[in-house]
Amino acid sequence: MAVDAVPADVRTEPLKGDAAVPAVRATHRTRFFDHKIPSLYAGRYEITTRQTVAGQPTEAALPEQRRRFEVRGARFVIEGTEVHACYPIPGGVGVYSQLLPHITLDTPGLPWNRPLAGQPAPVPWMALCVFREGELPDDPDAIGHVDRCTVDELRAGALTGRPPAITPESLFPDEHDLTCQSILVPAALFRAVAPTPTEMGLLAHIREGGPPDAQRGSDPPPDESALNAVVVANRFPSRQAGMHVAHLLSLDGHEAYLNGQAPPQEGLRVVSLWSWVFETLEDTTIGFGDLVHYLATEGGEVDSPHVPDLLLRRRYDAPASPDPGQRDVARVLDGGGTALPQRLESGERTVAFYRGPLTAEPAPALPAPERARLDSAGEALIYHQRAGVFDTSYAAAFTLGRTLALADAEFRAHLLGYRKAARSAARRLLTHPRLAGRAARDAAAVLGVNLPRRAFDQLLVDGDGIRVRRAMAGAGAAVAAGRRRPPVRHARGAARARPFAELARQRLGDPEVADVLRGAVAAELDPVVAWLDRLRRLEMVPFGHLVPDEAMLPEESLRFCYVDAGWVRAAVDGALSVGVGHTLDSELNDLATAGAAPPGSGVLIRSTLVPNWPKTVITGYRGAAPVEPVRRIVVGTDIWLLLFPGLIDALTLAEPPQGLHFGLGDLETIQLRHLTGDIGSPVEDGDFPDPPGFDRFLRPITGGVGDGVLSLAGSDGSLLPELAAAHGLSTLASCQFALQMIKAPQLQTFERP
């Protein structure tokens with residue numbers, strides 16, 4: 001079969017945004033072809049062979065041979081297995097007023113497998129038409145109602161409307177009783193929405209998908225297994241909310257009405273090969289691109305001289321000549337803090353500074369204390385002498401961690417069980433310090449057994465009991481004689497044995513000893529560490545502790561932030577302060593703090609993007625390398641919280657890629673794409689048309705029906721001539737036209753201040 005092909009490689013590129021976009025790591029190549037014309041159309045054929053024998057005195061003619069055969073193809077019905085996808089998806093609900101619905105078929109040559117009488121070869125015999133509520137008389141609610149009858153009943157006019165002009169000679173025997181579905185299209189509606197033959201050729205093409213990292217610029221033969229036919233509608237759904245039904249119509253038998261002949265007054269009975277319904281919501285003219293662009297600008301003003309402050313902090317008017325106290329307040333606010341009411345232990349009410357774990361600037365280094373952990377909230381208070389108030393950030397973190405631990409009975413049980421096992425193992429380890437010299441796994445195994453019982457068992461079996469009999473005999477004589485072991489007396493000035501707590505602190509500070517002890521109580525310690533890791537990821541922290549002031553995260557805003565590891569550590573210390581009975585318990589807490597590191601940075605997004613585009617692709621970048629978030633959640637209904645393992649340099653928001661669709665951007669423009677060279681890549685400053693707006697390319701409304709239908713070719717003000725002229729061409733092929741109408745997912749890049 002011959003394939004006319006104009007290959008075009010397509011990549012998703014950003015349509016908006018001034019910042020540099022990180023390099024794309026993988027490329028999926030997609031090629032478009034004009035059409036696929038079969039060597040033989042569907043129908044009946046006869047081959048006649050005539051042979052003569054040359055070289056004889058009289059040429060002898062052999063008997064004539066005739067062979068009949070059939071080329072089968074869909075005509076009245078297509079199977080569900082033929083339909084690869086529809087968009088909008090059947091039953092879908094969304095804002096579709098800027099999209100051209102389309103259907104993708106698995107048989108690539110299906111739209112061209114039979115000729116359309118009176119038309120050149122590339123014109124398909126089917127077209128996708130979109131109808132709204134109140135337009136089809138038999139389906140006023142646009143819920144997909146169709147009439148069913150046999151092909152013979154259809155031809156005989158059993159249903160209302162002029163049937164297709166199909167001769168009985170063109171039917172196969174099994175097609176006469178074949179059940180098909182059809183709709184009645186009023187004459188005025190057909191004239192308004194039916195594409196012209198030239199437009200039908202533009203609205204159908206072949207698509208070939210490519211694997212990731214396919215070699216761009218190469219032109220291999222088409223892969224038959226990766227080809228699909230695509231038929232695109234010529235009508236936009238309504239900007240008002242309502243139901244729509246899309247019908248893939250067979251125009252076989254209605255060719256005369258495509259060439260200018262007026263349809264009959266009773267309307268046309270048209271075969272519907274496939275149909276589906278969808279609901280469009282009211283178009284508020286605010287789309288994905290508008291929202292992300294608003295987030296990246298100062299109040300949405302493109303030409304605003306102010307660079308938007310994308311850091312998580314409250315905006316304020318700074319005094320011209322601040323005093324020392326005001327400068328302290330400014331430093332707190334610039335870092336992401338705020339002022340909140342405070343009640344002192346004495347009962348007095350005052351004001352205190354508070355800053356959560358998410359900061360606008362790196363948290364200042366704290367003075368190194370004698371101990372790395374906190375034992376009480378009071379130890380974490382910071383007094384601002386010039387401002388005369390406390391900073392309660394770390395004290396609040398400690399109290400929150402302690403409160404969360406007390407509220408979780410399962411965690412408390414794991415924590416107390418760990419401490420009990422760890423105390424026992426620590427005493428054994430300090431009694432037998434030589435165990436610390438073993439491999440951690442062997443030492444942990446030894447610590448897990450009852451050492452005195454094990455020694456007694458060994459005494460019983462050594463030498464067939466000789467050792468135990470000798471020991472018992474000697475002990476009996478000593479007891480009978482009244483002898484006792486004299487007490488150990490220390491000479492004057494000799495060093496006394498160190499207290500157990502002091503010895504434990506010294507020995508547990510040894511990494512080798514800590515590893516041995518950690519291995520001995522791993523079963524009890526692991527649930528504690530897992531819970532604390534959740535706390536480090538801020539999973540249990542109320543949002544009010546993260547963002548204490550709503551003004552720090554206003555509506556339709558995006559804010560970068562750092563994560564204060566000191567705040568997180570204070571919360572962990574608060575959780576581990578539960579049930580501490582003595583110094584050893586406090587020392588054993590250090591073993592539980594050896595969990596995962598807290599996140600390094602985060603991003604907060606408060607926008608209607610959250611409920612309306614829940615599958616937005618959000619990617620953080622460190623340099624050109626993408627960084628996966630350790631946590632991404634929705635807070636409430638309109639806030640995204642993303643935490644990253646380190647510091648990110650940029651963040652991208654990309655419209656959910658649901659495949660290649662056709663339509664307009666939010667500003668009612670399309671992005672021109674190169675047809676030569678780097679085929680498919682966006683043309684710089686290639687927004688079309690200028691000025692924006694596609695209304696001038698729509699057909700005039702006649703009879704009050706048919707609004708939103710594109711005028712592609714054949715009249716003044718049509719889209720095709722102007723679109724071709726934008727590329728310096730006189731016309732475009734169907735694959736080139738499809739390439740220009742691609743509505744690629746939009747992308748916006750935000751750089752960390």
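Residues numbered from 1 in each chain as written. Predicted model: local features only at pLDDT ≥ 70, side-chain atom pairs only at ≥ 80, totals over all residues. Heavy atoms only, no water.

> Please explain the sheet that holds strand β29 (residues 650–654) as it appears in this structure.
Strand pairs in the sheet, formed through backbone hydrogen bonds, run parallel or antiparallel to each other. Ordered by their spatial adjacency, four strands build an open sheet running β26-β25-β29-β34, and the pairing between neighbours is antiparallel. What marks the edges here is a single partner per strand, and that holds for β26 (625–627) and β34 (747–751). Sheet twist, expressed as the mean angle between neighbouring strand axes with direction ignored, is 30°. As paired strands, strand β25 (residues 617–622) and β26 are joined by three bridges and run antiparallel to one another. The residue bridging Arg622 from the neighbouring strand is Ala625, located in β26. (Pairing = 2+ DSSP bridges. Helix = DSSP H or I, 4+ residues; strand = E, 2+ residues; numbered from the N terminus. Axes fitted to C-alpha atoms, helices over the stretch in contact; angles between N-to-C directions.)

> Help me out: how do you make sense of the packing of aromatic side chains in this one?
Think of a pair of aromatic rings as described by two things: how far the centres are apart, and how the planes are tilted against each other in angle. All chains considered together, the criterion is met by eight aromatic pairs. Judged by centre distance (6.5 Å) and plane angle (80°), the ring pair of Phe688 and Phe694 falls under edge-to-face. Note on accessibility: Phe688 and Phe694 belong to one class, buried. Within the aromatic cluster, the residues linked to one another by ring pairs are Tyr87, Tyr96 and Phe278. One cation-aromatic arrangement involves Arg114 over Trp125; the distance from NZ or CZ to the ring centre is 5.6 Å. (Phe/Tyr/Trp six-rings, centres within 6.5 Å; stacked < 30°, edge-to-face > 60°. Buried < 20%, exposed > 50% of the residue type's maximum accessible area, 1.4 Å probe, protein only. Lys NZ or Arg CZ within 6 Å of the ring centre and 35° of its normal.)

> Help me understand the pattern of salt bridges, please; the structure alone is not making it clear to me.
Where charged atoms of side chains with opposite charge meet at close range, the side chains can pair. Within this structure, the stated rule accounts for 33 salt bridges. Note that Glu224 is salt-bridged to Lys36, the shortest N-O span being 2.6 Å. A residue pair is termed long-range when its members are at least 10 positions apart, and Glu224 in the loop between β14 (204–212) and β15 (227–232) and Lys36 in strand β2 (residues 28–36) qualify at 188 residues. A relative accessible area of 45% places Glu224 in the partly exposed class. Taking the shortest distance from any N to any O, the salt bridge between Arg155 and Asp152 comes out at 3.6 Å. A residue pair is termed a helical-turn pair when its members lie 3 or 4 positions apart in one helix, as Arg155 and Asp152 do in helix α1 (residues 151–155) at three residues. A relative accessible area of 27% means that Arg155 is categorised as partly exposed. Of the residues examined, Asp152 reaches a relative accessible area of 27% and is grouped as partly exposed. (Salt bridge = Lys/Arg side-chain N within 4 Å of Asp/Glu carboxyl O.)

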